[in-house]
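What follows is each chain in one-letter form.
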Amino acid sequence: MNKLVAIAGGSTLVYAGLALLMGVLPGITLSQTPAGPGVNPLTLIEAEGRDVYVANGCSYCHTQQVRPLTQDKVFGRPSAPGDFAYQTPELLGSERTGPDLTNIGARQPSAVWQYIHLYNPRAVVPESIMPSFSWMFDVVDKAPAGITPVPLPKAYAPANGVVVPSSEAQALLAYLMSLKQTAWQENKTTAGTPPAPSERPATTSLAATQAPSAGASAPTISGYDAAKGKQLFSANCSVCHQETGEGLAGAFPPLKNNAVVNDANPGAHIHNVLFGLEGVPVDGVKYESAMPPFSTVLNDADIAAIVNYERSSWGNHGKLVTAQDVAAERAKGK
Amino acid sequence: MQPAAHPSSVLKQKDLELARVFAAYTISATAWLVFATFIGILLAYKFGAPDFGSGAWLTFGRLRPIHTNATFYGWASIALVGLAYYVAVRSCRTQLYSVRLAWVGLWLFNIAAIAGTIALDLGYNDGNLEYREWPWPIRLIFLSALLVTAWNLVGTVARRTTDDIYLSNWYTMGGVLWTCIIAVVAILPWYQYGLGQVAVSGYYMHNAVGMWFTPLALGIFYYALPKLLSRPIYSYALGVFAFWTNLVFYPIIGSHHFLFSPLPWWLQTTAIVFSVAMLVPVLGGSANFLLTMRGRFGQMRESYPLAFIFVGVIGYLVGSSQGTVEAFRSMQAVWHFTNYTVGHSHLTMYGFVNFAVWGCIYALLPAATGKYPGQAGLALHFWMALVGSFIYVLSLSIGGTIQGLNWIQGSPFIQSVVDMGPFHVWRGVGGILMFLSHVVFAWNVWCMTYGPSARAAPLVPALARDDTA
Ligand code: HEM
Ligand code: HEM
């Protein structure tokens, strides 16, 4: 009997101690992490949306933690302890089959895009392997007052009627829009905060960093970096305007043969990319959704590369621009 | 079931009861294996055909936790508990403390797994916290099954007629008792807010695999391997040493699931240090098993159970060493969040735990029931499972590395999705072989229990009590 007590009891006692030390105690301490400045609790509808997110296992494909690594810069600044004060359940995730969503509300604020994408991701990203969540939408003859039907491309739209988001989809959208990072805070309250990215040697170099960096060398007009332009376009613009530049009829305008893009004066083109556009007809068509501003996301050289890529692709023949042109337009302000 | 020997005495009656319990646990576990890996195939298929089965009930995010929880708590847990009971009774040369409790436990495990599966499919998911997604009331049912099992297992060992407690029982009793604590820590909510919950998740994920499946699988190795070879374990002392080091190091490494996260940096570093220290019990344990087999590896040609166990030992060694390498920050910078991790999960849970369970069932269940699977069935099961899982793990390891490098190079995200395409197809190919092997396994289990034995019961009564330790 004594042997049994020693082996079963002894090891269980040791284990209980370790479970307290490595599970419960860190849990107690870290549960008290104060919210970072500007981090707020979720509203009712946002919390409902989070339940939809959890019920359908979005976090098996999407993380919500930005690491202090160069390759994670595209997803925002590194996550800080204070970001998670109101995140229960925690949805940090362990796999990135799809992109990190920590800052998706800022990166992709267009409700129209989000709805089309949720209805069927392949309508906007043909290579996507994300499931379709079409059951969160209703097909009705006529959209009820105050609700705009989702402008689906023909190939994905039902034969009859229009598609409107159900309350589930609306809550989910509200939650996605709530996922916005606050400005970087030096969180000194938690002793164990990982060092800020600048203090740590970068493990890797990132070819196309999207963080604004002043003084990037401007490509000359004749030799603009086409590969870089294409890559930046794919990363930032193609989900709406599509790789073909043809946009999605009724949702996002084509840039192919677009008047502004082919205009000899690049002012409007650059301005729209920097500061976005809303409610302005494009080539005679009015769009429900908005063009998001990129002035805080991309630096002058990057915007010049994208603008030049658009101006010289899909049969377009716009005059090319320089980073200085972008800087000048940026200086003019909105 | 058809008794192989006449229940002519009380002793025989007890043996028969034990055989029934063992068989029932195995059959029930097998049903879960076939179900859960069918879901696995469906998931793998969805990577190539995301619009397939796109209703709410068949959506990826609901099926995935069904797959993981059903393999963990339906298949592996139930199978291991059945084996643990049998090993406890035989190695202690006694009888089950309570046959009734064993049945109660089996029902509780199954009720929990069925309720959990239904709940997840309806969208009741407890926060997407991996491996504890079942709503907490259902996890309480699972906890009660664990408590019943712990009581029964400890009670059985307490009734032993041997003086010593054979090593196997250290691991199995320990595993069940510790897991009761894991389950309680995972359920209580008071210290699980925000980042606090992240710390608990890290703790939970690795303790579920490291303090539940690992000790149970190792425990049954310590019984079945000497039994198959009719020679004692190479070093009993080394086994005891591995037991204590495993106990002390494993619970500390949980945070390696959240490297580079906002968890305190020192917590992450501690986890990495002990992930390296884990080499001690892993190398010690594997060496012990391999040395027990020394000079007898050729015997695998005749004995499939031995071959299964050998693969299991190698899976333990390779999978865990891989884990240590994966835990370094420099490696995590590439592999974290990629399919490489999924490869590791299957190398360990499949290459180690599954092969361990299969080897031990094939080694021990016929001894309990007196019925045997056919050689062809064994061969089919072994080779399809081995080749299938090899393809599965290899394709995800290569693909996952490419995925990680893509991100480092700063390619648009979708590039990593496109580049994984062919590897996801290969994973599916491996997965189909694995699934087919499980169907064959189910047939073999049938042969070993209610169905037609492929071999006449040996003249020496199978139920003869034998000692191994
Ligand atoms: C010394 C032993 C081991 C070490 C150091 C180790 C290390 C690791 C690390 C670092 C990860 C995280 C990978 C990532 O997210 O990038 C991981 C994940 C995992 N390991 Fe291990 N491992 C070990 C043994 C095992 C064993 C024996 C099993 C199974 C019985 C196992 C099952 C898993 C599973 C299922 C995951 C995936 C968790 C998830 O993200 O959902 N590991 N392991
Ligand atoms: C026919 C055999 C199997 C197939 C085709 C299969 C397929 C899959 C798939 C497609 C996933 C999702 C991966 C992802 O989200 O990227 C997965 C996850 C998982 N499966 Fe399996 N599986 C099989 C057998 C098993 C078995 C027998 C076990 C355990 C004993 C298991 C344990 C897991 C675990 C732990 C995960 C989560 C991995 C992680 O988070 O890293 N699988 N499986």
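Residues numbered from 1 in each chain as written. Chains lettered and ligands numbered in written order. Predicted model: local features only at pLDDT ≥ 70, side-chain atom pairs only at ≥ 80, totals over all residues. Heavy atoms only, no water.

Per an unreviewed UniProt entry, chain B is named Cytochrome c oxidase cbb3-type subunit 1, and its organism is Hyphomicrobium facile.

As annotated in an unreviewed UniProt entry, chain A is Cytochrome c oxidase cbb3-type subunit 2 from Hyphomicrobium facile.

1. A closer look at the overall build of chain A
Counting secondary structure elements, chain A contains 11 helices and 2 strands. Put simply, chain A runs from its N terminus to its C terminus through helices and strands in the order α-α-α-α-β-β-α-α-α-α-α-α-α. Evaluated residue by residue, chain A yields a buried proportion of 54% over its 334 residues. Pairs at least 24 residues apart make up 69% of the contacts formed inside chain A by residues separated by at least 6 positions. When the accessible surface of chain A is totalled, it reaches about 14,500 Å², and 60% of it is carbon and sulfur. (Helix = DSSP H or I, 4+ residues; strand = E, 2+ residues; numbered from the N terminus. Buried < 20%, exposed > 50% of the residue type's maximum accessible area, 1.4 Å probe, protein only. Contact = heavy atoms within 4.5 Å. Areas by Shrake-Rupley, 256 points an atom, 1.4 Å probe, with all protein chains shown as cover.)

2. As for the confidence of the model for chain B
All names here are of chain B. The pLDDT averaged across chain B works out to 94; a share of 95% of its residues lies at or above 70. Taken as a whole, residues 1–7 scores under 50 in pLDDT and shows 15 contacts with residues more than four places along the chain or in a different chain. Counted against residues more than four places away or in other chains, residues 459–469, with its pLDDT under 50, gives 21 contacts. Confidence estimates for the predicted assembly give a pTM of 0.90 and an ipTM of 0.93. (pLDDT = per-residue confidence, 0-100.)

3. Focus on the coordination of the iron atom of ligand 2
Under ideal tetrahedral coordination, the four donors around a metal are separated by 109.5 degrees; under ideal octahedral coordination, the six donors are separated by 90 or 180 degrees. All names here are of chain B. Around the iron atom of ligand 2, the protein supplies His67 (NE2) and His346 (NE2) as donor atoms, at distances of 2.0 to 2.1 Å. With 6 donor atoms in place around the iron atom of ligand 2 and angles of 87 to 180° between them, the coordination shape is octahedral. In this pair, His67 sits in helix H2 (residues 60–91) while His346 sits in helix H12 (residues 339–369), placing the two residues 279 residues apart along the sequence. The buried category is assigned to His67, whose relative accessible area is 13%. A residue is classified by how much of its surface remains accessible, and His346, at 18% relative accessible area, is buried. (Donors = N, O, S within 2.8 Å, 3.2 Å for Na, K, Ca; no water. Tetrahedral: all angles 85-135°; square planar, octahedral: opposite > 155°, others 65-115°.)

4. A word on helix H9 (residues 279–292) of chain B
If you check H9 of chain B, its first and last C-alpha atoms are 19 Å apart, about what 14 residues at 1.5 Å a residue would give, namely 20 Å. Where H9 of chain B is buried, its residues contact helix H6 (195–229), helix H7 (236–249), helix H8 (265–277) and helix H10 (304–327) of chain B. (Expected span 1.5 Å × (residues − 1).)

5. Focus: the interface of chain B and chain A
Much of the literature gives interface size as the accessible area that the parts lose upon coming together. Taken together, the contact pairs 82 residues of chain B with 77 residues of chain A. The junction of chain B with chain A conceals about 6,800 Å² of combined surface from both sides, 68% of it contributed by carbon and sulfur atoms. Summed over the shared surface of chain B and chain A, the result is 4 salt bridges. Examining the composition of the side of chain B that touches chain A, we find that 10 residues originate from one element, H6 of chain B, more than from any other. Its residues assigned to classes, the side of chain B that touches chain A comprises 50 nonpolar, 24 polar and 8 charged. (Buried area = accessible area lost by both parts, 1.4 Å probe. Salt bridge = Lys/Arg side-chain N within 4 Å of Asp/Glu carboxyl O. Nonpolar A, V, L, I, M, F, W, Y, C, P; charged D, E, K, R; others polar.)

6. Looking at the side chain of Thr149 of chain B
Residue and element names in this part refer to chain B. Its location among the elements puts Thr149 in helix H4 (residues 136–158). Thr149 gets classed as buried once you look at its relative accessible area, which sits at 1%. A polar side-chain atom of Thr149 sits 2.7 Å from the main-chain carbonyl oxygen of Ala145. When residues no more than four places from it in sequence are discounted, the contact partners of Thr149 are Val81, Tyr85, Phe109 and Val176. (Polar contact = N/O pair within 3.5 Å; in protein donor to acceptor, adjacent residues only side chain to side chain.)

7. Focus on the nonpolar core
If you look at the biggest cluster of nonpolar residues, it comprises 166 residues, and the most contacted ones within it are Tyr15 of chain A together with Tyr25, Trp75, Phe213, Phe221, Trp358 and Leu364 of chain B. When residues in this core are grouped by element, the largest group, 22 residues, is from H6 of chain B. Setting aside its immediate chain neighbours within four residues, Trp358 of chain B contacts Leu33, Trp75, Phe308, Tyr350, His381, Ala385, His438 and Phe441 of chain B. Counting 34 residues, the second-largest nonpolar core is a separate cluster that includes Leu172, Leu176, Leu179 and Phe252 of chain A. (Core = buried A, V, L, I, M, F, W, Y, C linked by side-chain atoms within 4.5 Å.)

8. Details of helix H2 (residues 44–55) of chain A
Counted at 1.5 Å a residue, the expected span for H2 of chain A with its 12 residues is 16 Å, and the 17 Å between its end C-alpha atoms agrees. For H2 of chain A, the full list of buried residues reads Glu46, Gly49, Arg50, Val52, Tyr53, Val54 and Ala55 of chain A. Looking at the packing, one finds that the buried side of H2 of chain A touches helix H5 (167–178) of chain A together with H2 of chain B. In the stretch just after H2 of chain A, Gly57 of chain A is the one whose phi turns positive, near 60°.

9. What to know about the site of ligand 1
Around ligand 1 sit 25 residues, and of these Glu130, Tyr131, His206, His336 and His344 of chain B come closest. Per-site note: the chains with residues close to ligand 1 are chains A and B. Ser94 of chain A has a polar side-chain atom sitting 3.4 Å from an oxygen atom of ligand 1. Listing elements by their share of the shell around ligand 1, those giving two or more residues are H6, H10 and H12 of chain B. Counting residues per element, the shell around ligand 1 draws most heavily on H12 of chain B, at 6 residues. Looking at side-chain class alone, the shell around ligand 1 contains 8 nonpolar, 15 polar and 2 charged residues. (Near = heavy atom within 4 Å.)

10. Quick look at the pattern of salt bridges
Side chains that carry opposite charge are capable of pairing whenever their charged atoms lie near each other. Residue and element names in this part refer to chain A. Overall, the coordinates contain 16 salt bridges over all chains when judged by the stated rule. When the shortest N-O distance is used, the salt bridge between Asp72 and Arg96 registers 3.0 Å. One end of the pair, Asp72, is in the loop between H2 and helix H3 (104–107); the other, Arg96, is in the loop between H2 and H3, with 24 residues separating them in the sequence. For Asp72, a relative accessible area of 1% gives the class buried. The partner of Asp100 in a salt bridge is Arg96, and the shortest N-O contact between them spans 3.6 Å. Arg96 carries the same exposure label as Asp100, and that label is buried. A single salt-bridge network, built from bridges that share partners, covers Arg67, Asp72, Arg96 and Asp100.

11. Brief notes about the site of ligand 2
Near ligand 2 lie 28 residues; those nearest to it are Glu95 of chain A together with Arg64, His67, Ser345 and His346 of chain B. Close to ligand 2, residues of chains A and B are found. Within the side chain of His67 of chain B, a nitrogen or oxygen atom sits 2.8 Å from a nitrogen atom of ligand 2. Interatomic distance of 3.4 Å between a side-chain N/O atom of Tyr392 of chain B and a nitrogen atom of ligand 2. Examining the composition of the shell around ligand 2, we find that 8 residues originate from one element, H12 of chain B, more than from any other. Grouping the amino acids of the shell around ligand 2 by side-chain chemistry returns 13 nonpolar, 11 polar and 4 charged.

12. A word on the state of the cysteines
Working definition: the covalent bond between the sulfur atoms of two cysteines is a disulfide. What the rule picks out here adds up to 0 disulfides over all chains. No disulfide involves Cys61 of chain A; its nearest neighbouring cysteine sulfur is the one of Cys58 of chain A, lying 8.6 Å away. The exposure class assigned to Cys61 of chain A is buried, which follows from its relative accessible area of 14%. Cys92 of chain B provides the cysteine sulfur closest to Cys180 of chain B, a residue in no disulfide bond, and the two sulfurs are 19 Å apart. (Disulfide = S-S within 2.5 Å.)

13. Section: the environment of Arg100 of chain B
Structurally, Arg100 of chain B is set in helix H3 (residues 99–121). Put simply, Arg100 of chain B and Val325 of chain B are 225 residues apart on the chain and 45 Å apart in space, counted from C-alpha to C-alpha.

14. With respect to the domain arrangement of chain A
Residue and element names in this part refer to chain A. The domain boundaries assigned to chain A delineate domain 1 (39–197) and domain 2 (205–332). The junction of domain 1 with domain 2 conceals about 1,200 Å² of combined surface from both sides, 72% of it contributed by carbon and sulfur atoms. Linking domain 1 with domain 2 are 0 salt bridges, by the criterion used here. (Domains from an automatic or database assignment.)

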